[in-house]
Amino acid sequence: MTIFLQILLSFFLTEASANSCSQHNPMAADVPLCPAGGSKLLSENFPIMAATVSDDMGGPRYVKEYVTKVLKAQSQKPPQFFLAVTDETWDEVVREIKKQAPNQATAQQWISGLSRVKTNSRWNWQQDYFESFFDAKTGKPVLREVQGYGRHGNAFADLIKQSSKDCSFQEGQKLTNNPYKSGHSGGNIEAVNGLCLIGSDHFEGDEWDRYAKVTCENPAMAVLTPSDFLSVGHTDEFFKTLKDPTQKAPCDFSLAFASPKKGLDLLKKNPQGRAFDFSHLTPDEALARMSQTPYTYICQEFSYSKALKNNGGNPEKSREKRSRGVSQFLFEIILPPVSAGATVQPLKDAESRRMQEYLERISEGGIDDPALERSRREEKYARLNRRRALMRQSGMIKSSSSIQDAMDCYNMTNKDLADLIEEDFEFKEFNASIEEATQKFKKELLAKVKKSYPQCSPKTVELPDLFIGEMDYDSNTPKYVNGSADSIFPNPTNGDIVEDTFILPEPVNPAFKADIDSSIKGLGLKTDYIDTHFAHSMNGNLHCSSHTMRYCRPQGGTK
């Protein structure tokens, strides 16, 4: 009988019981008041009642890391977790909680707050197929599905079924749109208290105005963000509302913006540092990443630049390359064929020695050089593939499938990357164009915040990032080509605020990471990181691959 009871108790603790939501009382006096007069969106300075995550792309490693890091950051009143996962992942999460919890009682409490979402649609992009709002009467989350998103199957229906059962969450009206575009996704919708931010991505005519009316409810509180430069143009890729623990509500927030200028400045200030650091991976995993997007774009540009220099060309005059066409220019500079790797001066740090020892141990078969995937930006990918083919054909690069070429790229210093950007006018001007757009947005947002919350003076921080894409030189004022930008590094704004901790993607660049740590600490917050390459390689990241459901205290309510 005793064994039977133990088995029964274990079952309830590991899957059937769900009690974390009951610990969160929206009427409690310490819960921030719901924003009045604006949208019914909540920014990330509000507390989390529940979160959802899937193992669709990141597998068990990502889910258990995300869950345990969130639990540690919000350990006193942990959120409920709705996990769209396999049996294997569920078991791994439970084991990891038992391992990470400070004691058995805490482990049991954390495990009892896990809810299994029974679904055949374990969609990774949990941020995009729905958005969380709040009920003005109860302060609890209301979930609204993005109409037309389509790719998530029954994920929303199954989530609503489980969350309504365990936490009494309600389903709200769909976020209607016709036709669906990427800009309608939840990742393109952010908030700053009562302000409702929607990116400009892919909207034409009055489409943004119509969607803002549906989403923000009060058009006066709607704010346009310049998300149109991104290939996946979502606001969370370059902006984040952070918490300010030194201020009282409603002023307990700060604002973070991605900054290419800061990224380039950091490369110059730390010239000998590694541009890319995958020292936590095995050598074959590290080199494989350099052959995947977005790093493969940089490797191609790096190879092109080296080949150009070896053939007597000057990357600073690459305007000629752009105006006359890549193919013509390449053929004209090919005099004798020279290997692009000839000018590489290998780094002598421990990571380079580790990789070199690895190369000496393996066969000369090389690593795969997969064709670049096609997408709606087919012209861009066609151009990159043409360039690679021409360079291979001419001998400017001996073999684009060579593992040594990938290692040369992996061993780039910050100076190498900074030189690559500054010597190619389009690369440099592209990032400058994005910086101009984000700085303009920052100025406009601060003015809107001051008008809506005159008592608040939020702190701001710029987080380093760099992008690769195309410039439009046919317009009167040259600017980025809409939808062409990919972030080279994991977007530093694409994370989750959990209590006083900012959980964000592993930055890959050590100089960037040190700066992010310093900047976030200056806001009174802590940082924690997760390796999210699985999402970054698909133009998304941590915030895209999770969804926190927050709550607030209704106006006039305490209990």
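Let me sum up the structure you'll find in this document.

Cut-offs used in this document
- Residues numbered from 1 in each chain as written.
- Predicted model: local features only at pLDDT ≥ 70, side-chain atom pairs only at ≥ 80, totals over all residues.
- Heavy atoms only, no water.
- Helix = DSSP H or I, 4+ residues; strand = E, 2+ residues; numbered from the N terminus.
- Buried < 20%, exposed > 50% of the residue type's maximum accessible area, 1.4 Å probe, protein only.
- Contact = heavy atoms within 4.5 Å.
- Areas by Shrake-Rupley, 256 points an atom, 1.4 Å probe, with all protein chains shown as cover.
- Pairing = 2+ DSSP bridges.
- Axes fitted to C-alpha atoms, helices over the stretch in contact; angles between N-to-C directions.
- Disulfide = S-S within 2.5 Å.
- Parallel < 35°, antiparallel > 145°, perpendicular 65-115°, else oblique.
- Nonpolar A, V, L, I, M, F, W, Y, C, P; charged D, E, K, R; others polar.
- Left-handed = near helix turned anticlockwise from the far one by under 90°.
- Phe/Tyr/Trp six-rings, centres within 6.5 Å; stacked < 30°, edge-to-face > 60°.
- Polar contact = N/O pair within 3.5 Å; in protein donor to acceptor, adjacent residues only side chain to side chain.

## Observations regarding the overall build of the chain
Then step 1. The helix and strand inventory of the chain stands at 18 helices and 20 strands.
Then step 2. When burial is assessed residue by residue, the chain has 58% of its 559 residues classed as buried.
Then step 3. Sequence separation of 24 or more characterises 78% of the internal contacts of the chain that already satisfy a separation of 6 or more.
Then step 4. Surface accessibility of the chain: about 23000 Å² in total, with carbon and sulfur atoms responsible for 50%.

## A few points about the sheet that holds strand E7 (residues 189-192)
Then step 1. An order of E7-E8-E9 is seen for the three strands of this open sheet, with the pairing classed as mixed. Unpaired on one side and paired on the other, E7 and strand E9 (222-225) mark the two borders of the sheet. When strand polarity is set aside, the average angle formed by the axes of neighbouring strands in this sheet is 30°.
Then step 2. Bridge analysis of E7 against strand E8 (residues 195-199) gives four bridges, and the strand direction is antiparallel. By the bridge assignment, alanine 191 is partnered in E8 with cysteine 196.
Then step 3. Strand contacts of helix H6 (residues 207-216): E7, E8 and E9, with the helix running at about 145° to E8, the strand carrying the most contacts.

## A closer look at the state of the cysteines
Then step 1. Taken as a whole and assessed by the stated rule, the structure comprises five disulfides.
Then step 2. The residue that forms a disulfide with cysteine 34 is cysteine 552, at a sulfur-sulfur distance of 2.1 Å. Between cysteine 34 and cysteine 552 the sulfur-sulfur dihedral comes to about 90°; the bridge is accordingly right-handed. One end of the pair, cysteine 34, is in the loop between helix H1 (2-16) and strand E1 (48-54); the other, cysteine 552, is in the segment after strand E20 (546-550), and 518 residues separate them in sequence.

## With respect to the packing of helix H9 (residues 295-310) against helix H15 (residues 414-423)
Then step 1. It is at 11 Å that the axes of H9 and H15 come closest, and there the two elements cross at 75°. Taken together, H9 and H15 sit at an angle that is classed as roughly perpendicular. Contacts from Ile298, Glu301, Phe302, Ser305 and Lys309 of H9 reach H15 at Asp416, Leu417, Leu420 and Glu423.
Then step 2. A per-class count over the contact of H9 with H15 returns four nonpolar, one polar and four charged.

## Here we look at the sheet that holds strand E5 (residues 141-145)
Then step 1. If you trace the three strands from one edge of the open sheet to the other, you get E4-E5-E6, paired in mixed fashion. In this open sheet, the two strands that pair with only one neighbour each are strand E4 (130-134) and strand E6 (170-171).
Then step 2. Two elements, E4 and E5, share five bridges in a ladder whose sense is antiparallel. Residue pairing in the sheet places phenylalanine 130 in a bridge with glutamate 145 of E5.

## Focus: the packing of helix H2 (residues 59-73) against helix H3 (residues 87-100)
Packed helix pairs are specified by the crossing angle of their axes together with the interaxial distance, meaning the distance between the axes.
Then step 1. Relative orientation of the contacting elements H2 and H3 amounts to 35°, with a least axis distance of 9 Å. As for the relative orientation of H2 and H3, their crossing is right-handed in sense. Of H3, the residues touching H2 (which contributes Gly59, Pro60, Val63, Lys64, Val67, Thr68, Leu71 and Lys72) are Glu88, Thr89, Glu92, Val93, Glu96, Ile97 and Gln100.
Then step 2. By residue class, the composition of the contact of H2 with H3 is six nonpolar, four polar and five charged.

## Brief notes about the pairing of E4
Along a regular strand, successive side chains alternate from one face of the sheet to the other.
Then step 1. Counting buried residues along E4, five of its five residues qualify, which places the element largely inside the surrounding structure.
Then step 2. Where burial is concerned, the two faces of E4 agree: the one with Phe130, Ser132 and Phe134 and the one with Glu131 and Phe133 are both buried.
Then step 3. Two successive antiparallel strands, E4 and E5, enclose a turn made up of six residues, where glycine 139 displays a positive phi of approximately 80°.

## A few points about the packing of aromatic side chains
Then step 1. Taken as a whole, this structure holds 20 aromatic pairs when the rule is applied.
Then step 2. Summarising the aromatic geometry, the rings of phenylalanine 229 and phenylalanine 467 are spaced 5.4 Å apart at their centres and angled 85° between planes, so their arrangement reads as edge-to-face. One end of the pair, phenylalanine 229, is in the loop between E9 and strand E10 (239-243); the other, phenylalanine 467, is in strand E13 (residues 467-468), and 238 residues separate them in sequence. Of the two residues, phenylalanine 229 and phenylalanine 467, both sit in the buried class.
Then step 3. Look at phenylalanine 238 and phenylalanine 441: their rings are 6.0 Å apart centre to centre, the planes differ by 75°, and that puts the pair in the edge-to-face class. On the criterion of sequence distance, the pair formed by phenylalanine 238 in the loop between E9 and E10 and phenylalanine 441 in helix H16 (residues 425-452) is long-range, its members being 203 residues apart.
Then step 4. Overall, phenylalanine 441 belongs to the buried group, its relative accessible area being 2%.

## Regarding the side chain of threonine 235
Then step 1. Summarising the element assignment, threonine 235 is placed in the loop between E9 and E10.
Then step 2. A polar contact is formed between the side chain of threonine 235 and the side chain of asparagine 188, at a distance of 3.1 Å.
Then step 3. Looking at threonine 235, its side chain comes within polar contact range of the main-chain nitrogen of glycine 199, at 3.3 Å.

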